[in-house]
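Secondary and tertiary structure notes
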Amino acid sequence: MIRAGSLDADVALAPLFAGSVDVRRASLRQGRYQIGTRDSATCIVLNAGSIELEPASVRLSPLHIDVRHATMADGLVDLYINPCPPPSPPNTEPPSPLTIDAGRIDLHNFTYRMNLMPVIDSLGAHIDYARLKDGHIDLVAQTVDVKDFGGHGMNVSYITPTAEAIAATVVRPDTTTSATEPWTVRLEHVAFDSLQALYTTRGYNPLPGMDFGYIQLSDGSLTVDNFYNRATDVTVPLRLSGTERCGVHLDLDGTLKVSETALNFDNVSLSTTSGTQLTATGMMGSGDPVSDPHLPLQLTASGQAACSDLSLMFPFMRPYVAGLHRGTMLDADIDVRGNMAQLDISRLRLDVPGSLRVSASGRLAQVLDPSRLSGDIRLSGNIGDLSPWHKYL
C-alpha cells in the first residue's frame, strides 16, 4: 500500500525511450508505504512527514535506482517479523533484480522500531539528525552496504524478551520466502554524539550500582567501524563513551557480538575519569539472570580499579573502601565462568597497596540470592596495614 498527502515532481520523460527516467526534483508530504500485515510473515510500515528528492534517476532494465540527494523529515519505520506466519506454499521464484545507490540522505527526527520474537522483544532508535553517505542495496544478493552514517541525538534501546515470553512464543518457519540467504548489513563507519543507550530484558528491575542485566548510558558518543549484521548475528567493533546509570563516566573500546543466545565481548578495554583501567573478555546469555540463574556467564578481566568507581559500581563494597585513601587503585585479576546458580572461580586476585594481597579460587552457588548464597572458596595471600578496616575486625 502506498499513500501520499501530496506529491510534486519534475520528471524528464524523454530518456524513457532509452530505458530510464530522470527525476530532477520531487517533493512528497505525508507519505506512507506498507508491505504485509501483522498476520503475514513480515510487515514493514514507513511513514514520513516529508521527503525531498533532488535529483534521481531510474534505469528500467535491469531495474536500478540512483538517488544523489534526499531528505526525510519526521520518518518512522516499523518492522515486525511474525514468529508464526500462516502456512503458505513456498515461493520458489527468485527476486527480481533491483539495485539502489544513494549518494547522500539526510534524516531529521527519524525513528526505527523492530520486533523479532523470540529473539528481540523490541529494538528501537530515535535520531534527531543523521546523514547517510554512499549507500548500496542489492535485492538479489540481499545486501545493504553503507560507507558512512553519522549525526547527533541518538536514543537507542535493545530489549530482550523474558524467559516466559520466549517459552510462550510459538515459532513456525516462514515458507513464503524463497530459499535465499539472510539479509546482510555492513556499515563501514558510524559516528554519533548526544547518545542515550539501553540494553536490558523486558520488565527487569535493575540492582543498585552497575547491573550487567540493565546497562544504561547517557550523554555519550559512539564510533563504530565495520559494523556487520546477518540475521540475528551482530558484530559491533566500537568506541563508546558516556555516563553509566551507576554514575561512572567511562570510555569503552572493543568488539561486541550479539547472537540469538548471548552477548559476547572480546578484548574490551574500559577506562574511567577516576583512573580505572580494565581489559575484559567474556560472554553472558541473553535473558534475565534473576528469573533464570542458569544463563551462561564467562568473564576474564584484569587491570586497575579506582576505589571511587568501585563504590559506584558495586555499592556493597563502599564500607570496605571507605577507609582507603581517595586515590587508591586496586589491582585485580579475575577468571570466572558458569552461571549465577553455580559460579566457578578459576582465579580471583586482589591487591590493595600496602594493606592486602589475596588470591582466591573455588565456587559460589546462588550468587543473586543472599539468603541461599553458599560456596567453597580457597584463600591465600599477605596481610599488611589493616587500619582502614579496623572497625570490621
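Residues numbered from 1 in each chain as written. Predicted model: local features only at pLDDT ≥ 70, side-chain atom pairs only at ≥ 80, totals over all residues. Heavy atoms only, no water.

With that out of the way, let us pick up the overall build of the chain. Scanning the chain for helices and strands turns up three helices and 19 strands. Along the three orthogonal principal directions, the C-alpha set of the chain runs to about 90 × 45 × 30 Å. Within the chain, buried positions represent 37% of all 393 residues. Taking all contacts inside the chain whose residues are at least 6 apart in sequence as the whole, residues at least 24 apart take part in 57%. Surface exposure of the chain reaches about 21300 Å², of which carbon and sulfur atoms provide 58%. Between the centroid of the 30 positive side chains of the chain and the centroid of its 43 negative side chains there is a distance of 1 Å. (Helix = DSSP H or I, 4+ residues; strand = E, 2+ residues; numbered from the N terminus. Buried < 20%, exposed > 50% of the residue type's maximum accessible area, 1.4 Å probe, protein only. Contact = heavy atoms within 4.5 Å. Areas by Shrake-Rupley, 256 points an atom, 1.4 Å probe, with all protein chains shown as cover. Lys, Arg positive; Asp, Glu negative; His and termini not counted. Charge placed at Lys NZ, Arg CZ, Asp CG, Glu CD.)

Residue proline 62 follows serine 61 across a cis peptide bond; omega there is -10 degrees. With respect to the helices, strands and loops of the structure, proline 62 is situated in the loop between strand 4 (56–60) and strand 5 (63–81). Following methionine 117, the chain continues into proline 118 via a peptide bond in cis, with omega recorded as 5 degrees. Positioned with a positive phi, serine 194 is a non-glycine residue whose angle comes to about 50 degrees. Mapped onto the elements of the fold, serine 194 is located in strand 9 (residues 184–201).

Now for the environment of threonine 184. With respect to the secondary-structure elements, threonine 184 resides in strand 9. Residues threonine 184 and tyrosine 228 lie 44 residues apart in sequence; the distance between their C-alpha atoms is 7.4 Å. Those residues within four positions of threonine 184 in sequence are excluded, and the remaining contacts are Gln142, Thr143, Val144, Tyr228, Asn229 and Arg230.

All right, on to a nonpolar patch on the surface then. On the surface, a nonpolar cluster with roughly 380 Å² of combined accessible area is contributed by Ile2, Tyr33, Ile35 and Ile44. Here isoleucine 35 lies in strand 2 (residues 20–35). (Patch = residues over 30% accessible without salt bridge, like charges linked within 9 Å, V, L, I, M, F, W, Y side chains within 5 Å. Salt bridge = Lys/Arg side-chain N within 4 Å of Asp/Glu carboxyl O.)

Moving on, we come to the environment of valine 140. Assignment of secondary structure puts valine 140 in the loop between strand 7 (120–138) and strand 8 (143–160). Setting aside residues up to four positions removed in sequence, valine 140 forms contacts with Pro95, Ser96 and Pro97.

Applying the stated criterion across every chain, the model contains three aromatic pairs. Ring centres of tyrosine 158 and tyrosine 199 lie 5.6 Å apart, and the angle between their planes is 35 degrees; on these two criteria the pair is classed as tilted. In this pair, tyrosine 158 sits in strand 8 while tyrosine 199 sits in strand 9, placing the two residues 41 residues apart along the sequence. Overall, tyrosine 199 belongs to the buried group, its relative accessible area being 17%. Seen in terms of ring centroids, phenylalanine 314 and phenylalanine 316 are 6.3 Å apart; in terms of plane orientation they differ by 55 degrees. Their pairing is tilted. (Phe/Tyr/Trp six-rings, centres within 6.5 Å; stacked < 30°, edge-to-face > 60°.)

Let us now look at the pattern of salt bridges. Scanning all chains against the criterion turns up 15 salt bridges. Across the pair arginine 29 and glutamate 52 runs a salt bridge whose closest N-O atoms are separated by 2.7 Å. In this pair, arginine 29 sits in strand 2 while glutamate 52 sits in strand 3 (residues 42–53), placing the two residues 23 residues apart along the sequence. Looking at arginine 29, the relative accessible area reads 35%, which means it is partly exposed. Salt bridges here are not isolated pairs; linked through shared partners, they connect Asp333, Asp335, Arg337 and Arg347.

As paired strands, strand 12 (residues 249–258) and strand 13 (residues 262–272) are joined by eight bridges and run antiparallel to one another. For leucine 256, the partnering residue across the bridge sits in strand 13 and is phenylalanine 265. The hairpin turn running from strand 12 into strand 13, its antiparallel successor, is three residues long. Alignment of strand 13 against strand 14 (residues 277–285), held across eight bridges, turns out to be antiparallel. Bridge assignment links leucine 270 to a residue of strand 14, and that residue is leucine 278. Turn length for the strand 13-strand 14 hairpin, with the two strands adjacent in sequence and antiparallel, is four residues, and the turn residue glycine 275 shows positive phi of about 110 degrees. (Pairing = 2+ DSSP bridges.)

So, on to the pairing of strand 7. Looking along a regular strand, one sees side chains alternate from face to face of the sheet. The pairing of strand 6 (residues 98–116) with strand 7 spans 15 bridges and is classified as antiparallel. Across the sheet, arginine 113 pairs through a bridge with glycine 124, a residue of strand 7. Linking strand 6 back to strand 7 in an antiparallel pair, the connection comprises three residues. Between strand 7 and strand 8, which follow one another and run antiparallel, lie four residues, and glutamine 142 among them has a positive phi close to 55 degrees.

Turning next to the nonpolar core. By size, the foremost hydrophobic cluster in this structure holds 45 residues, and its most contacted members are Phe149, Phe192, Val224, Leu238, Leu240, Leu250 and Leu252. Discounting residues that sit within four places of it in the chain, leucine 238 has contacts with Leu222, Thr223, Val224, Leu252, Asp253, Gly254 and Leu256. With eight residues, the next largest nonpolar core counts Leu310, Val321, Leu330 and Val352 among its residues. (Core = buried A, V, L, I, M, F, W, Y, C linked by side-chain atoms within 4.5 Å.)

According to the stated counting rule, one finds zero disulfides in the structure shown. Unpaired in this structure, cysteine 43 has its nearest cysteine sulfur neighbour in cysteine 84, at a distance of 16 Å. Exposure remark for cysteine 43: the relative accessible area of 7% places this residue in the buried category. (Disulfide = S-S within 2.5 Å.)

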